[in-house]
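Each chain is listed here by its residues.
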Amino acid sequence: MFDRIKDKILNMVLSREFVLILAIFVCGGVLIHRLFTLQIVNGASYLENFQLTIRKERSIPAARGNIYDRNGRLLAYNELAYSVTIEDVYESGRTKNRNINETIYKVIRMIEESGDEVISDFDIYLDPAGNYQFNVSDNTLLRFLADVYGRPNISDLEYKEKTASPEDVIEYLCSSDKYGVGTYTETEDGTLEFTPCEGFEKDEILKILTIRFALSSNSYQKYIATTIATDVNEKTVAVVSENIQYLDGINIAEDTIRKYVNSVYFSHIIGYTGKMPSEKLAEYTEKDSSYSLNDQVGVAGIESSMEEVLRGKKGSEVIYVDSFGKVIESTDYVESTAGNDIYLTMDTELQSAAYNILEQKIAGILVSRIRNIKEYVPKENAGSSSILIAIYDVYNAMFENGIIDISHFTENNARDTERIVAEKYKQQQANVLEHLREELLVTKTPYDQLSTEYQVYMLYIVSLLGDNNILLAEEIDETDEVYLAWRQDENIPLEQYLRHCIAQRWLDVTKLELESDYADSEEVYETLIEYVLEKLKTDSTFEKRIYRYMIKNDVISGKEVCQILCEQKIVEVDSGVESRLYSGNITAYQFMLDRITNLDITPAQLALEPCSGSMVVTDVNTGDTLALVSYPGYDTNRLANSIDAEYYAKLMNDEARPMYSRATQERTAPGSTYKMVSSTAGLMEGVISATTTLACQGPFDKITPPPRCHIYPGAHGTLSLSSAIQRSCNNYFYEVGYRLGSSGGSYNSERGTDMLAKYADMYGLSEASGLELEESDPKLSTEDAVRSAIGQGNNNFTTVQLARYVTTVANSGTCFNLTLIDKITDKNGSLLEDRSAEIRNRIEMDQSYWDVIHTGMRGVVENMSYYGDVNVNVAGKTGTAEQSERHPNHALFVSYAPYENPEISVTVRIVNGYSSSYAAQTAKDFYVYYYKLDEEENILTGQAAQSIGNTAIQSD
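Residues numbered from 1 in each chain as written. Predicted model: local features only at pLDDT ≥ 70, side-chain atom pairs only at ≥ 80, totals over all residues. Heavy atoms only, no water.

From N to C terminus, the protein includes 33 helices and 31 strands. Here the C-alpha radius of gyration of the protein, 33 Å, is about what a compact globule of 956 residues would show, namely 30 Å. Projected onto the principal axes, the alpha-carbon positions of the protein cover approximately 120 × 80 × 65 Å. Sorting the 956 residues of the protein into buried and exposed places 53% on the buried side. (Helix = DSSP H or I, 4+ residues; strand = E, 2+ residues; numbered from the N terminus. Rg over C-alpha atoms; globule rule 2.2 N^0.38 Å. Buried < 20%, exposed > 50% of the residue type's maximum accessible area, 1.4 Å probe, protein only.)

The structure is reproduced here in structure tokens:
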């Protein structure tokens, strides 16, 4: 088109020496200007200054609103920054991929040599062993694969696309059909010979593909900028700017990035922002058509739930750019409107104190349970409360949960112990793989005759084949005799099971590199084993399995584990302590115990039980949430703006599950904390009165099998309702549940659970708490009214739901929809909305009934010796939720204070916290902090809190 225009102009007869000609036309929906000068010299015509100018409307992002605590302390804000961006200004053709990849690679080198990092928000990452791994799973993974293979819907994916491995995706994206990442060699006839994935290291390939994929998410619209790196330093700005004339499409752009203060403490509340997910775009544009895939949106927490308030309104401008993507001129500027600010009901100091108190208590429980033993073997009928933690499990946790950086063992700057352990591992891995080869090809020992170590390895092989879509779970006949012999009877070797899988076509052999499409079963099996053994060589999870047994079999000593902690600077100890460790004057056991006591290694890092918990504090008179802790938290600054893929992968693989909100998402049985619901139901339905006494004398034999009181074979004797709450007598409340289900002399469990559900609803336990966060739905028990009356059955609630419940108990019947939002203002501070918690309902109950319940709860705390020096009267109720005999029970405590004139409620749950006494002690420390009953340094010590034994008379 351009050549035709030039020819036409050259043939024109012109009377002046210089003529300015402007050609305007539409190309691909974009208004394009070609500005050039026709010069006539001695009758000859020449075109000079031939220039392409493109006119485009560009949106201007709006500054996101800030988030503050109730006292005006900043929690989330925007910071001006520079970003390196790229626009697709490259002409289509056979060299486009090479040219754009070369530019991207050059810029990556400049950025990294200047001390900055490029974006890494791709859904594939490199694990420590150097393997490509997916960062997402389930539907999110399928959506990613659909985007990779250009499928509009997940359902459009072909089988090979749907089951693609990370390596398959990388190879596809590197191919000439996609981004052409590899080496280009010019042949003698002038053609380019392309070899995919060559010429770059694996991490370099990943970085290039991350940027190319981000570009493609813009559908390769020209002159739409894609970020390569954000918040870059001055050195990066300078070096890129100096070379920008050689970097087509590259620009330095002014930008804003989202920053978070006290991010770990508030991670589950505020959340973070991130790039618009492609699968969410349609949903967002339904509300606001100005959204685009380049936008930053709230991904979690308040950032997500209050997106419309925080977002603001985009501005716009018209820009003119040249053929290299450089802006020549801008006009018609319309300023953006900043988003509104949000003030939370929470206090920063209170939130951080609650978090640290909870962490200290969990660490204290761990310290009290760790023993210098290799393995905990429970005694007969010992129960879950007797579970101990073997120090060997602590050593293993250093590897299992990624505290120790295994990949550093083979680095040039690895220290002595690291090198020794690396050599030991190398030898052990070779031995294990050779033994597996022998077992799978020659020995063929039945599974039940293998050592525990090799049983673990065999099971992992099956898991590996499933994860790589070779063993097809959906094809397996679970009634098949051989399958049952492997799965249930465990009396056949893995070799027999795998051969059977091949014969039954339960394996996708197309993923194996067979020499022929007509390979016989023996060749298929041998190829499968080679595939497995090759995979295991670099599998990071299998690597941890080997380390586990190296520790257990004393191939690696506890002392070596502790020395590596020092060598990698994971723990900072003074030189004297380190010398004592190396010389053997302090044992590895004591060294490790000291590190946990001093919180040099936290419960979250260990990821042993317990390692997590939650605490919710409310104002019982307003329904405001004053603190909401989910332990452990995570650093939202590393996920905001552009996700740090390596950090995100670590979070996803972390055994402590830091991204899971223990306060709003985790549900457990309420245990005996539920007894105030049962009390209310019994009183209001008239099956008991405030003065009713009932006997606790052995098993409750009105139903079969008969449940027992928690002190069985002891008994409480005759108790009133208040005493039954105080002493948490199960038998008393079994009788209440039984009576609620009885009518006309016959017992009907469903009638009883319906009655309990009716009163649970009055306390708000039938629905989410009202907080402006994503929350799991509660579960009211639908089975066994007798056991449901003590919080068993299938009752399940989140900590925040129990917090609303005890708030309602404390204020004698006002049930709020809890809130986190205090007010909303505009950027100038003008009040737009003054928020307060809505009253959901009121429980109209005689004050004498409330008095009985409150008196019982006060009695619970009066029986706790560790509350003896607390100069504020606290009322509360303990509860224990059983998980299984192999895991410690969950510890719960709901409470309020002051007893005489309630102001706040404190609800604590420690997951696998053994005893509710520990949850009560945690709440006690918070009350001491809140009411300033001791010096702050005596409360927030930065050390594991001493765990006092279960001295209260309570149900657990």
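This part takes up the sheet that holds strand β31 (residues 904-911). The strand order across the open sheet formed by five strands is β20-β19-β31-β30-β29, and the pairing between neighbours is antiparallel. Edge positions in the sheet fall to β20 (625-631) and β29 (875-881), since each of these pairs with one other strand and no more. Recorded for the sheet is a direction-independent mean angle of 10° between the axes of neighbouring strands. Seen against the sheet, helix α12 (residues 348-369) touches β19 (612-619), β20 and β31 and runs at an angle of roughly 35° to β20. Contacting β19, β20, β30 (890-897) and β31, helix α30 (residues 799-810) crosses the sheet at an angle of about 150° to β31. (Pairing = 2+ DSSP bridges. Axes fitted to C-alpha atoms, helices over the stretch in contact; angles between N-to-C directions. Contact = heavy atoms within 4.5 Å.)

Time to look at a negative patch on the surface. A cluster of acidic side chains, namely Asp869, Asp934, Glu935, Glu936 and Glu937, defines a negative patch on the protein surface. Considering the arrangement of structural elements, one finds Glu937 in helix α33 (residues 936-939). (Patch = residues over 30% accessible without salt bridge, like charges linked within 9 Å, V, L, I, M, F, W, Y side chains within 5 Å. Areas by Shrake-Rupley, 256 points an atom, 1.4 Å probe, with all protein chains shown as cover. Salt bridge = Lys/Arg side-chain N within 4 Å of Asp/Glu carboxyl O. Lys, Arg positive; Asp, Glu negative; His and termini not counted. Charge placed at Lys NZ, Arg CZ, Asp CG, Glu CD.)

Let's shift gears to the packing of aromatic side chains. Applying the stated criterion across every chain, the model contains 34 aromatic pairs. Relative to Phe213, the ring of Phe122 lies with its centre 5.3 Å away and its plane at 65°, an arrangement referred to as edge-to-face. Here Phe122 is found in the loop between α2 (96-113) and β6 (124-126), whereas its partner Phe213 is found in helix α6 (residues 202-217), with 91 residues between them in sequence. When sorted by exposure, Phe122 lands in the same class as Phe213, which is buried. Consider the rings of Tyr454 and Tyr457, whose centres lie 5.0 Å apart with planes at 85°: the pair is edge-to-face. (Phe/Tyr/Trp six-rings, centres within 6.5 Å; stacked < 30°, edge-to-face > 60°.)

Now for the nonpolar core. It is characteristic of soluble globular proteins that their nonpolar side chains tend to be buried jointly. Ranked by internal contacts, the top residues of the largest apolar core, which has 124 residues, are Val394, Tyr395, Met398, Leu436, Tyr497, Met592 and Tyr867. Apart from residues no more than four positions distant in its own chain, Tyr867 is found in contact with Val861, Val874, Phe893, Ala920, Ala923, Lys924 and Tyr927. Ranked by size, the runner-up nonpolar core spans 52 residues in total, among them Val620, Val677, Trp850 and Tyr896. (Core = buried A, V, L, I, M, F, W, Y, C linked by side-chain atoms within 4.5 Å.)

The next subject is the side chain of Ser642. Note on placement: Ser642 falls in the loop between β20 and α24 (645-653). Not counting residues up to four positions away in its chain, the partners in contact with Ser642 are Ile119, Ser120 and Asp121.

In this section: the environment of Gln351. Examined against the element boundaries, Gln351 turns out to sit in helix α12. Looking at Gln351, the relative accessible area reads 0%, which means it is buried. Sequence-wise, Gln351 and Cys562 are 211 residues apart; in three dimensions their C-alpha atoms are separated by 33 Å. Not counting the four nearest positions on each side in its chain, Gln351 is found in contact with Tyr265, Phe266, Ile269, Met346, Ala627, Leu628 and Val629.

To continue, consider the packing of helix α14 (residues 416-443) against helix α18 (residues 521-537). In the contact formed by α14 and α18, the axes pass within 11 Å of each other and the chain directions differ by 165°. Classified by the interaxial angle, the pair formed by α14 and α18 is roughly antiparallel. Like other packed secondary-structure pairs, α14 and α18 cross with a definite hand, here right-handed. Judged by residue contacts, Gln429, Leu433, Leu436, Arg437, Leu440 and Leu441 of α14 engage Tyr525, Ile529, Glu530, Leu533, Leu536 and Lys537 from α18. Each residue belonging to the contact of α14 with α18 can be placed in one class, and the counts come to eight nonpolar, one polar and three charged. (Parallel < 35°, antiparallel > 145°, perpendicular 65-115°, else oblique. Left-handed = near helix turned anticlockwise from the far one by under 90°. Nonpolar A, V, L, I, M, F, W, Y, C, P; charged D, E, K, R; others polar.)

On to the side chain of Asp116. With respect to the element layout, Asp116 can be found in the loop between α2 and β6. One polar contact links Asp116 to Thr236, side chain to side chain, over a distance of 2.6 Å. Excluding anything up to four places from it in sequence, Asp116 contacts Ile111, Asp231, Val232, Asn233 and Thr236. (Polar contact = N/O pair within 3.5 Å; in protein donor to acceptor, adjacent residues only side chain to side chain.)

The subject of this paragraph is the confidence of the model for the protein. Overall, the predicted model of the protein reaches an average pLDDT of 91, with 93% of residues at or above 70. In this model, residues 12-48 is a region of pLDDT below 50 whose contacts with residues beyond four sequence positions or in other chains number 85 contacts. (pLDDT = per-residue confidence, 0-100.)

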